[in-house]
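What follows is the residue order along each chain.
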Amino acid sequence: MTHGLSQAGPDYTAEFARDPLAFLRAQAGERAVRFRLNDLPYVLVNDVKAIHDLLVTQSDRFTRTEFTREALAPFLGNGLLTSDGDLHRRQRRLMQPAFHPYRIENYARLMIRHIEHAISGWVDGMQMNVTETVVALSLGVVTEALFGEDASEAAGDLHQMLHLMQQAQAAEFDPQRHDATRRAEFERDLRAAVGKIDQRIHGLIARRRAGGSGGNDLLAMLLAATDISGEGGMSDQQVRDEVITLFIAGHETTSVTLTWAFWLLGKDQSVYDALISEVDGSLGDGVPTPAQLMNLALPMQIIRETLRLYPTAWILFNRLATTTTKLSDIPVMSDEIVMVSPYAVQRSAHHFEHPDAFNPGHFAEGWEKRRDKFSYFPFGGGARICIGQHFALMEASSLLAMMAQRFRFRLLDPEQAIIPQPLTTLQPDVPIEIELVARQETEKGR
Ligand code: HEM
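Rules used in this analysis
- Residues numbered from 1 in each chain as written.
- Predicted model: local features only at pLDDT ≥ 70, side-chain atom pairs only at ≥ 80, totals over all residues.
- Heavy atoms only, no water.
- Helix = DSSP H or I, 4+ residues; strand = E, 2+ residues; numbered from the N terminus.
- Expected span 1.5 Å × (residues − 1).
- Core = buried A, V, L, I, M, F, W, Y, C linked by side-chain atoms within 4.5 Å.
- Buried < 20%, exposed > 50% of the residue type's maximum accessible area, 1.4 Å probe, protein only.
- Near = heavy atom within 4 Å.
- Polar contact = N/O pair within 3.5 Å; in protein donor to acceptor, adjacent residues only side chain to side chain.
- Nonpolar A, V, L, I, M, F, W, Y, C, P; charged D, E, K, R; others polar.
- Pairing = 2+ DSSP bridges.
- Donors = N, O, S within 2.8 Å, 3.2 Å for Na, K, Ca; no water.
- Phe/Tyr/Trp six-rings, centres within 6.5 Å; stacked < 30°, edge-to-face > 60°.
- Lys NZ or Arg CZ within 6 Å of the ring centre and 35° of its normal.

Enquirer: What exactly am I supposed to notice about helix α7 (residues 130-147) here?
Expert: Given 3.6 residues to a turn, an α-helix orients residues that are three or four positions apart in the same direction. Across its 18 residues, α7 extends 26 Å between first and last C-alpha, which sits within 8% of the 26 Å expected from 1.5 Å per residue. Two residues or fewer after α7 comes Gly148, characterised by a positive phi angle close to 55°.

Enquirer: In this structure, what is going on with the nonpolar core? I would like to understand it.
Expert: Buried together is how nonpolar side chains tend to be arranged in soluble globular proteins. Core analysis: the biggest nonpolar cluster contains 115 residues, and Phe262 and Met403 have the highest contact counts within it. Here the element with the most residues in this core is helix α11 (residues 236-267); it accounts for 14 residues. With 19 residues, the next largest nonpolar core counts Ala32, Val45, Leu54 and Ala321 among its residues.

Enquirer: Looking at this structure, I do not really get the site of the ligand. What am I missing?
Expert: Near the ligand you find 27 residues, and of these His88, Arg92, Phe317, Arg319 and Cys386 are the closest. The separation between an oxygen atom of the ligand and a polar side-chain atom of His88 is 2.6 Å. In this structure, Arg384 approaches the ligand through a side-chain N or O atom, which is 2.9 Å from an oxygen atom. Those elements that provide at least two residues to the shell around the ligand are α5 (85-95), α11 and α17 (389-406). Looking at the shell around the ligand, the element that brings in the most residues is α11, giving six residues. Its residues assigned to classes, the shell around the ligand comprises 15 nonpolar, eight polar and four charged.

Enquirer: Just to check I follow, could you spell out the side chain of Thr13 for this structure?
Expert: Inspection of the secondary structure assignment puts Thr13 in helix α1 (residues 13-18). Take Thr13: its relative accessible area is 14%, and that puts it in the buried class. Within the structure, Thr13 has its side chain in polar contact with the side chain of Asp11 (distance 2.6 Å). Only 3.0 Å separates the side chain of Thr13 from the backbone nitrogen of Asn38, close enough to count as a polar contact.

Enquirer: It is not clear to me how the pairing of strand β2 (residues 30-37) should be interpreted in this structure. Could you clarify?
Expert: One face of the sheet, then the other: side chains in a regular strand alternate in exactly this way. With six of its eight residues buried, β2 lies for the most part within the structure. Pairing geometry for β2 and strand β3 (residues 40-45), over six bridges, is antiparallel. Paired with Arg34 across the strands is Val43, a residue of β3. Between β2 and β3, which pair antiparallel and follow one another directly, the connecting turn spans two residues, one of which, Asn38, has a positive phi of 45°.

Enquirer: Please explain the coordination of the iron atom of the ligand as it appears in this structure.
Expert: For a metal bound by four donors in a tetrahedral arrangement, the ideal donor-metal-donor angle is 109.5 degrees, while six donors in an octahedral arrangement ideally sit at 90 or 180 degrees. Coordination of the iron atom of the ligand by the protein comes from a single atom, Cys386 (SG), at 2.3 Å. Topologically, Cys386 is positioned in the loop between α16 (367-370) and α17.

Enquirer: Just to check I follow, could you spell out the packing of aromatic side chains for this structure?
Expert: Any pair of aromatic rings gets described here by the distance separating the centres and the angle formed by the planes. Under the counting rule described, the total for this entry stands at 17 aromatic pairs. Taken together, a centroid distance of 5.3 Å and an interplanar angle of 65° make the contact between Tyr12 and Phe23 edge-to-face. You can see Tyr12 sitting in the loop between β1 (2-4) and α1 and its partner Phe23 sitting in helix α2 (residues 20-26), a full 11 residues away along the chain. Take Tyr12: its relative accessible area is 21%, and that puts it in the partly exposed class. Ring plane angle 90° and centroid distance 5.4 Å describe the contact between Trp367 and Tyr376, whose orientation is recorded as edge-to-face. Three or more aromatic residues link up through ring pairs in this structure, and these residues are Tyr12, Phe16, Phe23, Phe35 and Tyr42. Against the face of Phe352 rests Arg308, its NZ or CZ located 4.7 Å from the ring centre.

Okay, structure coming up:
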């Protein structure tokens, strides 16, 4: 690997816009590459020690970029995704307990209930659009985890807002993003959507505050959270920003991961056979408990491998250097924007043999010790590592396990070429459709 660094670097706006994933993979052999996009200076970093420095040791020298803040703040305000510095540190401290692994067991109960409800409507021979199925599931799970009994009140408005936010984020690398008419239309829709959601969420917050913030959902935990430094809890506005941030960050990321997992499993029957044998040996026929699901190995390995090949966050949020510094031995100037791509790094032959092949064995027990740190980072790292990673892994792996108890499936079109689309998240370009095959009692050996 070499540094592809020269002073200002070439203008790659057109190349990047044409095919961002091909661009990133073509550069993956360089430890770092300096270039310009839309007149801004970027440094793409692929070197794992430099990524470690960016996310861990030097993270306080970088902030969100102006673009990220402009695109997301109208929706998310100052929530965890958009805030920086002291506010981010304080909010992370306040919110971390709600995502502690022991809490995951509570969320798992809720997930199992939603999954059981979905699967109980499935029958032999049923054809389904995987994306629609898993979007409905993850939407149900995240809204109930956030709002408990008040879930249905918020769900529709939140979904509409998510759609607008994706458009705003997708504009980052669009050479025509300054078109005035498009912007004005977009801002009008945005004001309407945000106004509606604000009214709902503030209504819910006021009701909860008035009735004493009991309950087990995330909203209740945010309302009750108090800083150990004695600074008190969160304002209503901060609670609103965090609730919406969690919804936005937690919903589509999980469902799109599951969609890819179905596609990969549909192409490789042997992995699904192995999943069935583990599930039959450990879960039997009944509705599993959270502890039983947490003890399974293969469902988690499948999801981790899916996230290696199709990391939802194909690039992390870009980081703006607030000072001149070095990442490993790679110089970065003040005001340069650092880009890192889990997609490019995790598909590099430098880190994984046969990097494009689906092999959940990469994540067999002890994998973290066998791999270079930051050769695999679908949840980011350091102080801003995904707060919902255990939540997401639990949800996605539980669906696979509970489905394998009762169904096999086949892709309706196994020859279909699927092209990953690097939108806000990394998505298949066409819907993935499957046909369910109910498992026979004889096959289960019971
Ligand atoms: C498979 C599913 C998921 C993936 C792949 C994923 C990925 C990520 C990544 C890569 C980051 C770091 C971004 C960066 O540093 O630039 C992140 C941050 C975050 N994620 Fe997730 N995420 C997932 C699910 C969830 C869920 C379920 C939730 C909440 C319920 C969530 C909430 C958040 C929040 C709040 C942050 C910001 C953390 C901070 O900056 O302190 N994510 N996620």
